[in-house]
Amino acid sequence: MGSRPSDLSGQALGRSTLSARDVYWRKLGQGRRTALALHCTMAHSGAWRGVSEYLNDVLTIHALDMPGHGRSAPYDGVSCTGTLVSEAVLERIQAPVDVIAHSFGAVVALQLAVSHPKIVRSLTLYEPVFFALARGIDLGGFDAHEAMVSRIARAVRSGDHTAAARDFMKQWNDGTPWAAIPKQVRDGFARRIPFVLGSQNYVSLDTPGTLPRLGEITVPCAIMDGVESPPEITSICDGLAERIEGAVRVRVPGAGHMGAISHPATVAQEVTRLIP
């Protein structure tokens, strides 16, 4: 089993000082059913426009901007990001919703499904980066993730947020070379890179204890990944499908990690399959 460097020690899980007015919410669609959408790190709620176009008459989607993303207040660089996002969701959502989530958002969705099952009636998850699961089934993938987080932490400590963001986006983007990304966008990635470090409680350490409770999830669930994505993501998705009873496993040809954005019709199709 891989070592646990101090860079993955995570942040405190206690309640944050984030208030409802600090979180921006976008409403998409006008369907009879209510859905919650959780975007990936470095994106924002607008990332769900493509999916919502295919579900416009089926769902009304509530999508938040995570702290430090989009129009929400800046991330404080200290708090556990999973706790911040979960608190924001629980302030907004009280009744059962269909949950659609991508990457880190999908890790938060899993935690919500085990800790607050009454508000989750279906789960459509595209590539949850739940490396805590990879620790037990894909040690190489877990160790590679640890190494990347350690590099990012060192770069952030040295004040080189740009180098940290470049390292992160090399693995978790759509393949666009760093130099080809507009400077304004690159600068935004650099500002948001501390969010990655604040996410490791949920992603790698599973401090909330989601992993041992995956078997408690009984709602309709689809676990999706792109055929072009890193093999450790395939291992994670396979592992989740084995642990969640009745989960449907979907692989998307031609898609990578950003398939929730690049292949919205396929994601929307899987959402509708789960709706009675």
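Rules used throughout
Position numbers for residues start from 1 in each chain and track the written sequence from start to end. Residue-level local features of this predicted model are given only where pLDDT is at least 70; pairs of side-chain atoms are given and counted only at 80 or more, and the full residue set underlies all totals for whole chains, interfaces and linings. Neither water nor hydrogens contribute to the side-chain values; these are computed over all heavy atoms in the structure. Each helix corresponds to a stretch of at least 4 residues labelled H or I by DSSP, and each strand to a stretch of at least 2 residues labelled E; elements are numbered beginning at the N terminus. Residue exposure (1.4 Å probe, protein chains only): buried if accessible area is under 20% of the type maximum, exposed if over 50%, otherwise partly exposed. The Shrake-Rupley method, run with a 1.4 Å probe, gives the accessible areas here. Residue values count only the displayed protein chains as cover. Expected helix span is taken as 1.5 Å per residue step, with the number of steps being one fewer than the number of residues. Any two residues whose heavy atoms approach within 4.5 Å are treated as being in contact. Salt bridges, as used here, are contacts in which a Lys or Arg side-chain nitrogen is within 4 Å of a carboxyl oxygen on Asp or Glu. Between any two strands, pairing holds if DSSP finds at least two bridges. The path from the first strand over the helix to the second decides the hand: if it runs clockwise while the strands point away from the viewer, the crossover is right-handed. Fitted lines through C-alpha atoms give the axes, limited to the stretch in contact for helices. The angle between two N-to-C directions lies from 0 to 180 degrees. The labels follow the angle: roughly parallel below 35 degrees, roughly antiparallel above 145, roughly perpendicular from 65 to 115, and oblique for the rest. pLDDT gives the predictor's per-residue confidence on a scale running from 0 to 100.

Asker: Would you mind showing me how to read the overall build of the protein chain here?
Answerer: A count of helical and extended segments in the protein chain gives 11 helices and seven strands. If you line up the protein chain on its principal axes, its C-alpha atoms span 50 × 40 × 40 Å. Split into buried and exposed, the 276 residues of the protein chain put 58% on the buried side. Carbon and sulfur atoms form 50% of the exposed surface of the protein chain, whose accessible area is close to 11,500 Å².

Asker: Looking at this structure, I do not really get helix 9 (residues 231-243). What am I missing?
Answerer: In an α-helix, one full turn covers 3.6 residues, which means residues spaced three or four apart are oriented alike. If you check helix 9, its first and last C-alpha atoms are 19 Å apart, about what 13 residues at 1.5 Å a residue would give, namely 18 Å. Contact partners of the buried residues in helix 9: helix 3 (104-115), helix 4 (131-137), helix 5 (139-157), helix 6 (161-171), strand 6 (221-226) and strand 7 (248-252).

Asker: What is the right way to look at the pattern of salt bridges in this model?
Answerer: Note that side chains of opposite charge can pair when their charged atoms are close. All chains considered together, the criterion is met by 10 salt bridges. Between K183 and D187 there is a salt bridge; the shortest N-O distance is 2.8 Å. Taken together, the positions of K183 and D187, both in helix 7 (residues 183-198) and four residues apart, correspond to about one turn of that helix. Relative accessible area serves as the criterion here: at 28%, D187 is assigned to the partly exposed category. Salt-bridge contacts for R213 lead to E216; the nearest nitrogen and oxygen are separated by 3.0 Å. Judged by its relative accessible area of 47%, E216 is partly exposed. Salt bridges sharing common partners tie together D225, D238, R249 and R251.

Asker: What should I look at first to understand the pairing of strand 2 (residues 33-38) in this one?
Answerer: Counting buried residues along strand 2, five of its six residues qualify, which places the element largely inside the surrounding structure. Where strand 2 meets strand 3 (residues 59-64), five bridges bridge the pair, whose relative direction is parallel. Looking across to strand 3, one finds that R33 is bridged to L59. Regarding topology, helix 1 (residues 49-54) serves as the crossover connection from strand 2 to the parallel strand 3, and that connection is right-handed. Bridging between strand 2 and strand 4 (residues 97-102) involves four bridges; their strand directions are parallel. Along strand 4, the bridge assignment pairs A35 with D98.

Asker: Which parts of the structure should I look at to understand the packing of helix 6 against helix 7?
Answerer: Pairs of packed helices are described in terms of their axes, by the angle between the two and the distance that separates them. Contact geometry for helix 6 and helix 7: axes closest at 8 Å, N-to-C directions at 70°. When the axis of helix 6 is compared with that of helix 7, the two are roughly perpendicular. Here helix 6 contributes H161, T162, A164, A165, F168 and M169 to the contact with helix 7, which in turn contributes F189, A190, I193, P194 and V196.

Asker: How should the confidence of the model for the protein chain be read in this particular structure?
Answerer: If pLDDT is low for a region, its predicted coordinates should not be looked at in detail. Put simply, the protein chain has an average pLDDT of 92, and 92% of its residues get 70 or more. Low pLDDT (under 50) marks residues 1-16, which in the prediction has 46 contacts with non-local residues, meaning those over four places away or in another chain.

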